[in-house]
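Residue-level listing of the chains:
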Amino acid sequence: MGSAVAQCPHGITSHSTGNLGQKKLGYSSRCSKFPCQLDFARFGLLHQGSSAASSSDHSTEFGRRINAVPDMDDMFWDKVPTPLLDMVENPIHLKNLSVQELKELASEIRSELSCIMSEKPNSLKASLAVVELTIAIHHVFHAPVDKILWDVGEQTYAHKILTGRRALMRMMRQKNGLSSFTSRFESEYDSFGTGHGCNSVSAGLGMAIARDIKGKRDRVVTVISNATTLAGQVYEAMSNAGYLDSNMIVILNDSRRSLHPKIEQEPKTSITALSSTLIKIQSSKSFRKFREAAKGITKRIGRGMHELAAKFDEYARGMIGPQGSTLFEELGLYYIGPVDGHNLEDLICVLQQVSSLDSMGPVLIHVITEDNHQDAECNEKIEADNPQEGMITISYDDSVSSSVQTRTYSDCLVDSLLMEAEKHKDIVLVHAGMEMEPSFQVLQETFADRFFDVGMAEQHAVTFSAGLSRGGLRPFCIIPSTFLQRAYDQVVHDVDRQKIPVRFVITSAGLVGNSGPVYCGAFDVTFMSCLPNMIVMAPSDEDELVDMVATAAQIDDRPVCFRYPRGAIVRTDHFMHPGIPLEIGKGRVLVEGKEVALLGYGAMVQNCLKAQALLSRLGIEVTVADARFCKPLDTELLTLLCENHKFLITVEEGSIGGFASHVAQFIALNGHLDGTVKVMNIRNFHFW
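Residues numbered from 1 in each chain as written. Predicted model: local features only at pLDDT ≥ 70, side-chain atom pairs only at ≥ 80, totals over all residues. Heavy atoms only, no water.

- Going by an unreviewed UniProt entry, the protein chain carries the name 1-deoxy-D-xylulose-5-phosphate synthase and comes from Linum tenue.
- One UniProt comment on the protein chain, placed under Sequence similarities (unreviewed entry), says "Belongs to the transketolase family. DXPS subfamily."
- Database annotation for the protein chain, UniProt heading Subunit (unreviewed entry): "Homodimer." (UniProt positions renumbered as here; feature names shortened; annotations may be inferred.)

### A look at the confidence of the model for the protein chain
Thinking step 1. Model confidence for the protein chain is summarised by a mean pLDDT of 78, while 71% of its residues fall at 70 or above.
Thinking step 2. For the protein chain, the element scoring lowest by mean pLDDT is helix H1 (residues 22-25), at 34; strand S13 (residues 535-537) scores highest, at 97.
Thinking step 3. Counting contacts from residues 1-77, a segment whose pLDDT is below 50, to residues more than four positions away or on other chains yields 136 contacts. (pLDDT = per-residue confidence, 0-100. Helix = DSSP H or I, 4+ residues; strand = E, 2+ residues; numbered from the N terminus. Contact = heavy atoms within 4.5 Å.)

### What about the pattern of salt bridges?
Thinking step 1. Enumeration according to the criterion identifies 24 salt bridges in this entry.
Thinking step 2. For the salt bridge of Arg166 with Asp86, the shortest nitrogen-to-oxygen distance reads 2.7 Å. Taken together, the positions of Arg166 in the loop between helix H8 (157-165) and helix H9 (200-214) and Asp86 in helix H4 (residues 83-87) put the pair 80 residues apart, joining distant regions of the chain.
Thinking step 3. By relative accessible area, which is 6% here, Asp86 ends up buried.
Thinking step 4. Among the ionic pairs, Glu132 bridges to Arg110, the shortest N-O distance being 2.7 Å. You can see Glu132 sitting in helix H7 (residues 131-140) and its partner Arg110 sitting in helix H5 (residues 99-116), a full 22 residues away along the chain.
Thinking step 5. Judged by its relative accessible area of 6%, Glu132 is buried.
Thinking step 6. Note on Arg110: relative accessible area 1%, which makes it buried.
Thinking step 7. Linked through salt bridges whose partners overlap, the residues forming this network are Lys160, Arg165, Glu186 and Asp190. (Salt bridge = Lys/Arg side-chain N within 4 Å of Asp/Glu carboxyl O. Buried < 20%, exposed > 50% of the residue type's maximum accessible area, 1.4 Å probe, protein only.)

### A closer look at the environment of Phe629
Thinking step 1. Note on placement: Phe629 falls in strand S18 (residues 629-631).
Thinking step 2. Distance from Phe629 to Met537, taken between C-alpha atoms, is 4.3 Å for residues 92 residues apart in sequence.
Thinking step 3. In this view, Phe629 contacts Ile535, Val536, Met537, Leu582, Glu583, Ile584, Gly585, Lys586, Tyr601 and Phe659; residues no more than four positions away in its chain are not counted.

### Remarks on the packing of helix H26 (residues 635-644) against helix H27 (residues 659-669)
Thinking step 1. Where H26 contacts H27, the two axes come as close as 11 Å, and the packing angle between them is 70°. The orientation of H26 with respect to H27, classified from their angle, is roughly perpendicular. In this structure, H26 meets H27 at a crossing whose hand is right-handed. Listed contacts from H27 to Thr635, Leu638, Thr639 and Cys642 of H26 are Val663, Phe666 and Ile667.
Thinking step 2. Per-class residue counts for the contact of H26 with H27 are five nonpolar, two polar and no charged. (Axes fitted to C-alpha atoms, helices over the stretch in contact; angles between N-to-C directions. Parallel < 35°, antiparallel > 145°, perpendicular 65-115°, else oblique. Left-handed = near helix turned anticlockwise from the far one by under 90°. Nonpolar A, V, L, I, M, F, W, Y, C, P; charged D, E, K, R; others polar.)

### Examining the sheet that holds strand S17 (residues 622-626)
Thinking step 1. Overall, mixed pairing links the five strands, which are arranged S15-S17-S16-S19-S20 in an open sheet. Every other strand in the sheet has two partners, leaving strand S15 (588-591) and strand S20 (678-683) as the edge strands with one partner each. Between one strand axis and the next, the sheet turns by 25° as a mean value, whatever way the strands run.
Thinking step 2. Of the strand pairs in this sheet, S15 and S17 are connected by three bridges, and their pairing is antiparallel. When the sheet's bridge partners are listed, Val591 is paired in S17 with Val624. (Pairing = 2+ DSSP bridges.)

### Some thoughts on empty space enclosed by the protein
Thinking step 1. All chains considered together, the criterion is met by six cavities of 30 Å³ or more.
Thinking step 2. A volume near 70 Å³ is recorded for the second largest cavity.
Thinking step 3. Every residue lining the second largest cavity is listed: Ala509, Ala538, Pro539, Arg563, Tyr564, Pro565, Tyr601, Gly602, Ala603, Met604 and Glu653.
Thinking step 4. For the lining of the second largest cavity, the class distribution of residues is eight nonpolar, one polar and two charged. (1 Å grid on protein atoms, 1.4 Å probe; cavity = no way out; pocket = protein on both sides within 12 Å on 5 of 7 lines; lining within 4 Å. Points joined across faces, edges and corners; volume = space filled by probe spheres on them.)

### Observations regarding the sheet that holds strand S14 (residues 560-565)
The strands making up a sheet associate through backbone hydrogen bonding, with each pair oriented either parallel or antiparallel.
Thinking step 1. If you walk across this open sheet you meet the seven strands as S10-S9-S11-S12-S14-S13-S18, and the pairing is mixed. Each having just a single partner strand, strand S10 (451-453) and S18 make up the two edges of the open sheet. On average, each strand axis in the sheet is inclined to that of its neighbour by 20°, with strand direction left out of account.
Thinking step 2. Of the pairings in the sheet, the one linking strand S9 (residues 427-431) to S10 comprises three bridges and is parallel in character. Counterpart to Leu429 in the pairing with S10 is Phe451.
Thinking step 3. Contacts from helix H20 (residues 458-470) reach S9, S10, strand S11 (474-480) and strand S12 (503-509) within the one sheet, and its direction differs from that of S11 by about 165°.

### Let's talk about H26
Quick reminder: α-helices carry 3.6 residues per turn. Residues three or four places apart thus point the same way.
Thinking step 1. Buried within H26 we find Leu637, Leu638, Leu641 and Cys642. Along H26, the residues classed as buried sweep out an arc of 130° about the axis, all on the same side. Residues of H26 that are exposed and angled more than 90 degrees away from the buried face: Glu636 and Glu643.
Thinking step 2. Residues of H26 that are buried in the fold lie against S15, strand S16 (595-600), S17, strand S19 (645-652) and H27.
Thinking step 3. N-capping of H26 is provided by Asp634, with a side-chain oxygen placed 3.3 Å from the backbone N of Glu636. (Arc of directions from axis to C-beta. Polar contact = N/O pair within 3.5 Å; in protein donor to acceptor, adjacent residues only side chain to side chain.)

This is how it looks when you write it as C-alpha cells:
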C-alpha cells in the first residue's frame, strides 16, 4: 500500500491511497490513477465564463458528488488493457489520432463498457451501437465550443467516457454518482440535458438561432434515434429548422428498431461501395455549391423550370436514398445518407465535409447502426455475465439484483386486466412510453389484436384512447407517470372536458430509485386531481389494485385514473382474488387508535402501517386510514378523523398541490380547523 499525488492536464490534483500497481489497475501511469479525493479549484467541467460566485457554487456541489468515488481497492476490476483510452482524458486528445488508432479506441471503449455496464445489458446495447459515431463526432467537432446534444441518455455512455468521466462510470445511477443522462450540472460537454427524448432538435435549433443573432460561428450537432422519431416534437422542430434555414446538423441514429415486427423483418438498408461514394459526393462542399447555384439559375429562368428542376432533384435523390428519405427534404433539411455507423472513415469524411459548409441550412445525416454490433471480447464478456437466458438477474427498475423473480405491481395489473377482459370483451389496451415493461408483453401476446403500443407518442395515445372510447370500446391507457406529463393537453381537452371514459393506468408513480428525476413520477396526482371530471384513486396494495381495475372497467360516464408504484408487491404469496368494484369516493379505516390519525394515500399506506406498528410498541395507539380516493374525497371519513383526533397527518408520495392540498382545502372550508385538530403533511418530495 502507498500513496501518490498525480497532476492531470485538466487541472485535477489527485490524492490516491492504495495499491497503485500497474497490473492491478490496468491503467497507464499518467492521469489514470483517478482520485478518491479531488482538488476542484481548477476543475475543467465547469462552464467557462460563469461568474465567480456561480463557479464556486457549481464547484462545491460537483466536488461533493465526485468525492463520493469509492476506495481505489474496490473501484477497479480485472479488465483487458486499454492503452489508447488511458491517454484520452478529454475530446481534444482524439484530434491527432489516425483512423486506425480511432478504430482501436472504439474497440477499447466497447471493452470498457462491457466491463462496467454488463449488469445493464439493455442500456449497454444502445451505447455500443454509437461508439464509432461518438468518436467521429468528437474527432471532427470541437466540444464544448461546438454544441453536441443527445436525444437519448442510454446512447451517451461513450460520450461520458470521452469527456473526463470514465473513472466515475461505475457510480452511474447511484447516490452522489453520475446521471445516466446528459446533465448541464455534470459537465460542460453536456450542452443540454436529455429528458424523455425528442428535445434535442428543438433545443439545438434554439442554440443555432442564438448563435446567429450573436454573430458566432460554432457548430450545433444533435443526435436523435429512430425511437424518438415517433414523437411529434421532432417533426415540429425539423419543420421550423427548415423554415428558419439556420446552420445545424441533425444525425439520425437508425438502429432499425421498430414497434412493428414487419418493418424489423424487412431487408436492411444496404450500404455498398457505390452508395458510400455517392454519399461522399452528396455531402461535399462543391456538390452543395453546384446545387445551390443550379437552384438560383432555374429561379431566374422561370418558376416552371425551377419547379421541374426541384422535382427532378427530389426524384434523383429519392432513387439514391432509402425509402422515406425525401420526407426530411420536404421538411427543409438536406438529406445525406445512409452512412454506415460503424465505418469510421465514412463517418469522419461526411462529418468533416458537412462541418465545413457555411450558410447551407440544416442538414440531416442518416446513420445506420446495429444494437448488437460488438467485438468478440464484448460478446464473451456479456454472455459470461448473463449465462442463463431465462434467469432474471435485475428488476425492471435496475434497483434490485436477484436471481429470484419477484412479483411486481405490473404483474398484478396484467393478471387483473386478463380477468376483466374475460368479463368485458370490449376492453382494449393502449401503451405509451420509452420502453415496455416485461409484464406487459404478456398482454401484447395474449391480446395481439386489442393491444396497441405507440411508443413515445403519448399525446397520440391519449386521443387515440378517446377515439376508441367514442367507438364503443373500453380503453385502458397505460402510461408511466413521468410520460403522462407530455400528453396533459390531450388529457384536458380530448378526454376530461368531454367526459369521455378513458381509464388511465399511471405506472411508475412516485420515487423510482436509481432511475433518477427524469423518470420520477411526482406530479400526476396534482395535475390529474385538478381536472373537473376526473376520478383519481390509488391502491395501497396489490389487492386494492385489482379492485381498482374492476372499478375502472365499470365506469362508463367519465374518465378515471389510478396510479401504482414501481417495484415489488406487499405480499409474498401469489394469490389473486377477483376484482370487486369499489364505491366511488369511499376510504376505509385499517387500524383504530386514539388522538393521532395517519391518513395515507396509495403506497404510503404501508408506511403508515409500519409507523403504527412501531408506535404501538411504545404504547402509542394511532389510527391508520386508507383514503383510496384523492378525488372525490371521502368527506365522511375526513370529518370522523377530525372530530375524534387531536392530530391528523396526511402521508403521500407526490408534489405540493396533491392529496394533502385537497384534504387541507376541505378541512378549511368546512370549519374543522376551528376545532382542536391539528393537520400536518408528510411527503417524499420536499424539494418541490
